[in-house]
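# Remarks on the overall topology
The lines below spell out each chain.
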Amino acid sequence: MTSTTEESKKEAEDELVAQASSWCASHGVLMGARDNETRQPMGDWLYEPAPFSLYPTPFSKKAFDQAYAMQRPFAHVVHAAAEDDEWLLEHAIVTAAQGDPDFTGKMVDLAKEVLAKGRTQNVVLGILRSDYMLHGTDMPLQVELNTIASSFGCLSSKISKMHKELVSTEDDGDAASLPDNHADEGIVKGLATALKEYQRQFPDSSSKKAVVVMVVQPGETNSCDQRDLEFLLLSKYNIKVKRMTLADLSACQYSNTTPNELSIGQEQVAGVVYFRAGYTPDDYPTDTEWKGRSIVEHSTAIKCPDVFYHTIGAKKVQQAMAVPGTLSKFTRDKEEEDLLRSSFAGLYALGEGDDQPIVDMALANPNDFVLKPQREGGGNNMYDDDLVDALTTLSYADRGAFILMQKILPPSSHGSLVRRGAIVYDGPVVCELGVFGISLREYGNANRILMDEVVGHILRAKSVTTDEGGVAAGYAFLSSPQLVNSF
């Protein structure tokens, strides 16, 4: 390649970076600005374009279609397993609750408390996201099933639109290979449908206005993704959203007119409580935050999720679901069971029974496994030397807070990853696909399914040298899939 050709290519790419970065800024594909060195937030209202892939990322069409096909069966499994509180609380999650008493254990205690006092709301909303990586070229293996605070529905919808628009301007662009993505509209529809159900249940409960409460973290850096939902709810459904922290909720009281109806001030009650926080121990620094969570769980509000759906998303439950003979208890037929089971990577229990052969297997080949705690949000898993250190130092009981998972080995493709208006990585990348599904169902009434839809997706790209995958945590870049028949 001549120097002139190289210069022309560089100029064209610089122009594309400028165009894409401007598109993100003008369409609100933003996150809270962070200091380049410390990665700490620079202020509450300072924003920068979310990190993104300059080009869409190749992804197997066969695997994409299979991931979409699995979402509704997984939604059914989540609800059926959450409804089976004996299996969930007395079997599946026990070891993790004992090994992680200050978070998973407290969540289990709260679930048992709800059962002891009696559920005050039988309808539950799930904004679920099942994440996959390719093992080989077209086999999607499930990384995890997110049941709480499944994020980036709005920003990922916009990135899909950006890539479509940029590709369509190219002479040889193939916008038809980029699937439509309406995760934002689907999530908003789920929240609106849930609030409508609450209003149907309590038409004359009080003169107060039922709203959606969005539970957020103090100093949230992903507020634009959240605010988009807030503005869509208002513009499309005339529904107001009130942002509150768990500490804020701890000061709320129940209504005087309707038992357990959650009053949140200003003549408003919580019709739906949507958790975009509460998924990490960091969200519960004191008993005040646990009090806020408890007040919500015992209220009449429709939760997204309730404590049972939340617990289903634990890594330990993912592993327990993969035990032979378990999944069939929650699927509707053998075809669905086989479909879902095809996505299970190798999953192994720790801290129960004789786990020494599993520990020895991992220590012999640490590069083939991932050690996963009961945590969400990125940056928590252990690999390679860290995995070895943990397995050689943790006690038998403490190992119960983790599961061991087969490391998925996806194919790579070339990617150009952009942060703050510049390509910060240009080379081989791997990707992770998440599929969003909305489930609104009633406990104890299998026929009452108010919403069950697959609404969109997210694709995250990262360097092949990066193990973790969270965008908000700083490891991955928003992208969109370009569907291909083969790599």
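To be clear, the structure that these remarks concern was listed above.
Here's what I pulled together on the structure shown here. Fair warning: this is a prediction, and the values are worked out from it, not measured in the lab.

This part is about the layout of surface pockets. Its volume calculated, the second largest pocket comes out at about 320 Å³. In terms of lining, the second largest pocket is formed by 16 residues, of which the most central are Ser157, Lys158, Lys161, Asn181 and Asp184. Counting residues per element, the lining of the second largest pocket draws most heavily on helix H6 (residues 153–168), at 6 residues. Of the residues contributing to the lining of the second largest pocket, the split by class is 5 nonpolar, 5 polar and 6 charged.

Note on soluble globular proteins: their nonpolar side chains tend to be buried together. Among the nonpolar cores identified, the biggest contains 79 residues, and Trp87, Val213 and Phe308 are the most heavily contacted of them. Residue contributions to this core peak at 11 residues, all from helix H2 (residues 61–83). Setting aside chain neighbours within four positions, we find Trp87 in contact with Ala81, Ala92, Val317, Ala320, Met321, Thr326, Lys329 and Phe330. Grouped together as the second largest cluster of nonpolar side chains are 50 residues, Ala20, Val29, Ile159 and Val455 included.

According to the stated counting rule, one finds 8 aromatic pairs in the structure shown. Each ring, one from Tyr198 and one from Phe202, has its centre 4.9 Å from the other, and the planes form 40°; the classification is tilted. Given the relative accessible area of 1%, Tyr198 is considered buried. Chaining the aromatic ring pairs together yields one cluster made of Phe103, Tyr284 and Trp290. Between Arg119 and the ring centre of Phe308, over which it is positioned, the NZ or CZ distance is 4.3 Å. One cation-aromatic arrangement involves Arg293 over Phe275; the distance from NZ or CZ to the ring centre is 4.4 Å.

Here the focus is empty space enclosed by the protein. A complete count under the given rule lists 5 cavities of 30 Å³ or more for this structure. Empty space within the largest cavity amounts to approximately 160 Å³. As for the largest cavity, its lining consists of 15 residues, of which Phe103, His310, Gly313, Ala314 and Gln374 are closest to the centre. At the level of elements, helix H5 (104–117) and helix H11 (307–312) are the ones that each hand at least two residues to the lining of the largest cavity. Per-class residue counts for the lining of the largest cavity are 5 nonpolar, 7 polar and 3 charged. Space inside the second largest cavity adds up to approximately 110 Å³. Lining the second largest cavity we find Phe74, Val77, Val78, Gln142, Leu145, Ile312, Gly313, Ala314, Val317, Gln318, Met321 and Phe344.

What counts and how
- Throughout this document, residue positions are counted from 1 along each chain, in the order its sequence is written.
- Local features in a predicted model are, by the rule used here, given only for residues with pLDDT of at least 70; side-chain atom pairs are given and counted only at 80 or more, and totals for whole chains, interfaces and linings are based on all residues.
- Only hydrogens and water are set aside; all other atoms, that is, all heavy atoms of the structure, feed into the side-chain values.
- Points on a 1 Å grid, built from protein atoms alone, make a cavity when a 1.4 Å probe fits but cannot get out and make a pocket when they are open with protein on both sides within 12 Å along at least 5 of 7 lines; residues with an atom within 4 Å of a point are the lining residues.
- Grid points are joined across faces, edges and corners, and a volume is the space filled by probe spheres set on the points.
- What counts as a helix is a DSSP run of H or I of at least four residues, what counts as a strand is a run of E of at least two, and both are numbered from the N terminus.
- When residues are grouped by polarity, Ala, Val, Leu, Ile, Met, Phe, Trp, Tyr, Cys and Pro land in nonpolar, Asp, Glu, Lys and Arg in charged, and all others, Gly among them, in polar.
- Take the buried residues of types Ala, Val, Leu, Ile, Met, Phe, Trp, Tyr and Cys, join any two whose side-chain atoms come within 4.5 Å, and each joined set is a nonpolar core.
- Relative accessibility thresholds used throughout: buried, under 20% of the residue-type maximum; exposed, over 50%; partly exposed, between the two (1.4 Å probe, protein chains only).
- Contacts between residues were defined by any pair of non-hydrogen atoms, one from each residue, lying within 4.5 Å.
- Two rings from Phe, Tyr or Trp (for Trp, the six-membered ring) form a pair when their centres sit within 6.5 Å of each other. Planes less than 30 degrees apart are called stacked, planes more than 60 degrees apart edge-to-face, and all others tilted.
- Only Lys NZ and Arg CZ are tested; either one counts as a charge over a ring when it is within 6 Å of the ring centre and within 35 degrees of the ring normal.

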